[in-house]
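Observations on chain architecture
As a plain string of letters, each chain reads:
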Amino acid sequence: QINDVYGGIENIDRIYYCWNPNFGEVVSYRMWGARKEMVDAFGYVADFAADPSIAVQVEVENDFQSPWMDVLAKYPDDENIVVFSPYEAATGGFYAAAKTLGIWDADKMLVLSCGGDDLGRPLLRSGISDATAGWVPETYGTYVIPLVLANMYGKPVPSVTYLQHALLTQENLDDYYPGETALFSEE
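Residues numbered from 1 in each chain as written. Predicted model: local features only at pLDDT ≥ 70, side-chain atom pairs only at ≥ 80, totals over all residues. Heavy atoms only, no water.

Section: the packing of helix H3 (residues 66–74) against helix H4 (residues 88–100)
- Where H3 meets H4, the closest approach of the two axes is 8 Å, and the angle between their N-to-C directions is 50°. In this view, H3 runs oblique relative to H4, as classed from their interaxial angle. You can see that H3 and H4 cross each other, and the crossing is right-handed. In this structure, H3 uses Trp68, Met69 and Leu72 to contact H4, whose residues at the interface are Ala90, Gly93, Phe94, Ala97, Ala98 and Thr100.
- Considering only residue class, the contact of H3 with H4 consists of seven nonpolar, two polar and no charged. (Axes fitted to C-alpha atoms, helices over the stretch in contact; angles between N-to-C directions. Helix = DSSP H or I, 4+ residues; strand = E, 2+ residues; numbered from the N terminus. Parallel < 35°, antiparallel > 145°, perpendicular 65-115°, else oblique. Left-handed = near helix turned anticlockwise from the far one by under 90°. Contact = heavy atoms within 4.5 Å. Nonpolar A, V, L, I, M, F, W, Y, C, P; charged D, E, K, R; others polar.)

Right under this line is the structure:
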C-alpha cells in the first residue's frame, strides 16, 4: 500500500514499529516480521536498526498513549506516517495521541495493526486503521482440540502453534463479521 497511498517510500516521513517487550518473543515477531518485509521491499531506509533511517521503534507497555505522544512530538513536521502496531490497544493509543496533538489525518497516515478484536474492528470500520491482521479467534478450536488430543495421547506438541490469520480491511470485514456495525466512539 505504500506505493499506492504515497507514491513510494521516498514520500514517507516516518515509519513506526510499535511493540511491547512484556509480550515476549513470539508476539515480538509481529514487529520483526513487519520490519523484515519493509527492509526487503524498500531497503534500510525502512529499518529502525539502521542509521540513517526514517523508521523508529516505539515501546508501548501499559500506557498506550504517552509513548506515542512523546515520539510524535519528537517529529512535529511529519505528515506521511506509516504505523505498524502489534495489537489494537496500541493502535487506539496512536490515534488518541495524534488527535490530542492535532495532527490526525487519515489520508496521510497508514495504520496497520494486529488483532481484529472488538476494539480493532470498530477502528477499522471507522477508517482509523487501514488494515488489521485478524486472529479470527472463533476458529481457535480447530487448533486447540488437536493439540489437547496429542498431549492426552503422549504425542509431541509443538512449542509454538501458528494460527491462520486473515488480513481484514474495510472491503472484506463484512465477509468475516457480517452484520457487525460498531464504530469507534471518542466518548
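The structure having been displayed, the exposition proceeds.
So, the pairing of strand E4 (residues 109–115)
- In terms of residue burial, E4 counts as a mostly covered element, since six of its seven residues are buried.
- Note on the crossover from strand E3 (residues 81–84) through H4 to E4: the handedness is right-handed.
- Where E4 meets strand E5 (residues 131–134), four bridges bridge the pair, whose relative direction is parallel. Across the sheet, Ser113 pairs through a bridge with Thr132, a residue of E5.
- Since E4 and E5 lie parallel, the crossover through helix H5 (residues 120–125) that links them has a hand, and here it is right-handed. (Buried < 20%, exposed > 50% of the residue type's maximum accessible area, 1.4 Å probe, protein only. Right-handed = clockwise from strand over helix to strand, strands pointing away. Pairing = 2+ DSSP bridges.)

Points about the pattern of salt bridges
- A full pass over the atoms with the stated rule returns seven salt bridges.
- Linking Lys108 and Glu79 is a salt bridge whose minimum nitrogen-to-oxygen distance equals 2.8 Å. Of this pair, Lys108 sits in the loop between H4 and E4 while Glu79 is found in the loop between H3 and E3, placing the two residues 29 residues apart along the sequence.
- Assessed through its relative accessible area of 31%, Lys108 is described here as partly exposed.
- Here Arg125 makes a salt bridge to Asp174, at a shortest N to O gap of 3.1 Å. Pair noted here: Arg125 is in helix H5 and Asp174 is in helix H7 (residues 173–176), with a separation of 49 residues, a long-range link. (Salt bridge = Lys/Arg side-chain N within 4 Å of Asp/Glu carboxyl O.)

Focus: a nonpolar patch on the surface
- A cluster of nonpolar residues, Val144, Ile145, Val148, Leu149, Met152 and Tyr153, forms a patch on the protein surface that exposes about 620 Å² of accessible area.
- Its place among the elements puts Ile145 in helix H6 (residues 141–152). (Patch = residues over 30% accessible without salt bridge, like charges linked within 9 Å, V, L, I, M, F, W, Y side chains within 5 Å. Areas by Shrake-Rupley, 256 points an atom, 1.4 Å probe, with all protein chains shown as cover.)

Concerning H6
- Taking 1.5 Å as the rise per residue, H6 with 12 residues should run 16 Å; its terminal C-alpha atoms sit 16 Å apart, in good agreement.
- One or two steps after H6, the chain reaches Gly154, where phi turns positive at roughly 75°. (Expected span 1.5 Å × (residues − 1).)

Things to note about the packing of aromatic side chains
- Enumeration over the complete set of coordinates arrives at nine aromatic pairs.
- Aromatic pair Trp68 and Phe94: ring centres 5.1 Å apart, planes at 80°, arrangement edge-to-face. With Trp68 in helix H3 and Phe94 in helix H4, the pair connects residues that are 26 residues apart, well separated along the chain.
- On the basis of relative accessible area, Trp68 is assigned to the buried category, the value being 0%.
- The aromatic ring of Tyr75 is capped on one face by Arg14, whose charged end is 3.8 Å from the ring centroid.
- In this arrangement the basic side chain of Arg35 is found over the ring face of Phe48, its NZ or CZ atom lying 5.6 Å from the centre. (Phe/Tyr/Trp six-rings, centres within 6.5 Å; stacked < 30°, edge-to-face > 60°. Lys NZ or Arg CZ within 6 Å of the ring centre and 35° of its normal.)

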